[in-house]
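Listed below are the residues making up each chain.
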Amino acid sequence: MRRRTPPPPPPLPQRDGVDPVRLRLPADGPWATVREHLVERLSGAAAGAVGAMLDAGGVVTADGRPVAPDAPYRPGLYVWFHRDPPPEVPVPFPVEVVYRDEHIVVADKPHFLATTPRGGHVRQTALARLRTELGLPALGAAHRLDRLTAGLVLFTVRPEERGAYQGLFRDRLVRKEYEAVAVHDPALVLPRTVRSRIVKERGVLAARETDGEPNAVTRVEAAGHRPRPGGGPGLGRYRLVPATGQTHQLRVHLSTLGVPILGDPLYPEVTDPVAPGDFRRPLQLLARGLDFTDPVTGREHRFRSGRTLTAWESYADWAEGR
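Residues numbered from 1 in each chain as written. Predicted model: local features only at pLDDT ≥ 70, side-chain atom pairs only at ≥ 80, totals over all residues. Heavy atoms only, no water.

By the burial criterion, the buried members of helix 4 (residues 162-170) are Tyr-165, Gly-167, Leu-168 and Phe-169. On its buried face, helix 4 is in contact with strand 4 (104-109), strand 6 (150-156), strand 7 (175-183) and strand 12 (285-293). Note on helix 4: the residue one or two positions beyond its end, Arg-172, has a positive phi of about 60°. (Buried < 20%, exposed > 50% of the residue type's maximum accessible area, 1.4 Å probe, protein only. Helix = DSSP H or I, 4+ residues; strand = E, 2+ residues; numbered from the N terminus. Contact = heavy atoms within 4.5 Å.)

Applying the stated criterion to the full structure yields 20 salt bridges. For Asp-63, the salt bridge is made with Arg-65, and the minimal N-O distance between the two is 3.5 Å. Each member of the pair Asp-63 and Arg-65 is classed as exposed. With its nearest N and O atoms 3.3 Å apart, the salt bridge here joins Arg-251 to Asp-146. In this pair, Arg-251 is assigned in helix 5 (residues 249-256) and Asp-146 in the loop between strand 5 (140-141) and strand 6, connecting sequence segments 105 residues apart. Since its relative accessible area comes to 3%, Arg-251 is described here as buried. One connected set of salt bridges, linked through shared partners, spans Arg-175, Glu-177, Arg-219, Glu-221 and Arg-239. (Salt bridge = Lys/Arg side-chain N within 4 Å of Asp/Glu carboxyl O.)

Before going further, it helps to examine the environment of Thr-132. For Thr-132, the position within the fold is in helix 3 (residues 126-134). A sequence separation of 78 residues divides Thr-132 from Thr-210, and the C-alpha atoms of the two residues are 42 Å apart. Look past the residues within four positions of Thr-132 in its chain and what remains in contact with it is Asp-16 and Gly-17.

On to the environment of Gly-230. Tracing the chain through its elements places Gly-230 in the loop between strand 10 (216-226) and strand 11 (235-242). Measuring from C-alpha to C-alpha, the distance between Gly-230 and Ser-255 comes to 24 Å, with 25 residues separating the pair along the chain.

Looking now at the nonpolar core. Judged by nonpolar contacts, the single largest core of 34 residues is most densely connected at Leu-139, Phe-155, Leu-240, Leu-254 and Leu-285. Here the element with the most residues in this core is helix 3; it accounts for 4 residues. Residues within four places of Phe-155 in sequence aside, it is in contact with His-103, Ile-104, Val-105, Ala-107, Thr-115, Ala-126, Leu-127, Leu-130, Leu-139, Gly-140, Ala-141 and Ala-142. Ranked by size, the runner-up nonpolar core spans 16 residues in total, among them Trp-31, Leu-38, Leu-54 and Tyr-73. (Core = buried A, V, L, I, M, F, W, Y, C linked by side-chain atoms within 4.5 Å.)

Turning next to the pairing of strand 12. Most of strand 12 is tucked away, with 8 of its 9 residues classed as buried. Two elements, strand 7 and strand 12, share 6 bridges in a ladder whose sense is antiparallel. Paired with Glu-177 across the two strands is Gly-289, which belongs to strand 12. The hairpin turn running from strand 12 into strand 13 (residues 300-304), its antiparallel successor, is 6 residues long, and Gly-298 in that turn takes a positive phi close to 80°. (Pairing = 2+ DSSP bridges.)

Structure, rendered in structure tokens:
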């Protein structure tokens, strides 16, 4: 089997912890110049913006040389450049480092902060922040948490070791424990293991359960309940141990059980998006624990988040957005 040649290393430095964009020009096409291809490829960028990048020498090849504004099209050519990121409202909560050695960083991510750059969240991500704050430009994420979920995330220090740590999650060798706050249903029999098939379609905000072989398995346990201040259904605290990692799995499973997580904008129904910068009433879901055997050092790791869920500590503070 023929081995794929890896792309060259980026000739441009990061900006605010964000890597430059890398593109490889297709083997064939109708473009006479690199500029023509970039204008078509970067459909979200105006032709003038592409031209300005080229005029400023902001598009470079593997040797760091700028691509001339009228450079002819070259099939297979790698180019790098930085795109101006979209405006982002700063997430006013810190990323706490729980553990750090020469191989890994374990961070305790706050609600509302994405794990890695994606879509409209680029600099306001845990990865970009940690690269800058820790001075580790090669830092990479071994897995991800939803932007609205708080808690533990594992990052790798050395790119050549990232695959080994990602393999822990792929092969289900990490024991993950979550905590959630939802309505307390005294008729709900716990503990129980929920099994279902979850499908997440591209471009659709919410995942859904469907018929077929289960691909999502969650152990759900009761971890306490208490009256809700001011009356109404009481609050339940739930311990969740997923055996799989489907998108929104825990949120879907609790909603299916009739106890959707407090603050969930997607389950059981999709609600209108909140305004940028509205950090009130965070989703009451926390990645509480990560346990695994280090694939590089053989060390046994057991990490716990130091965060708490506001609705459990003080429901009034959470409900009023304090």
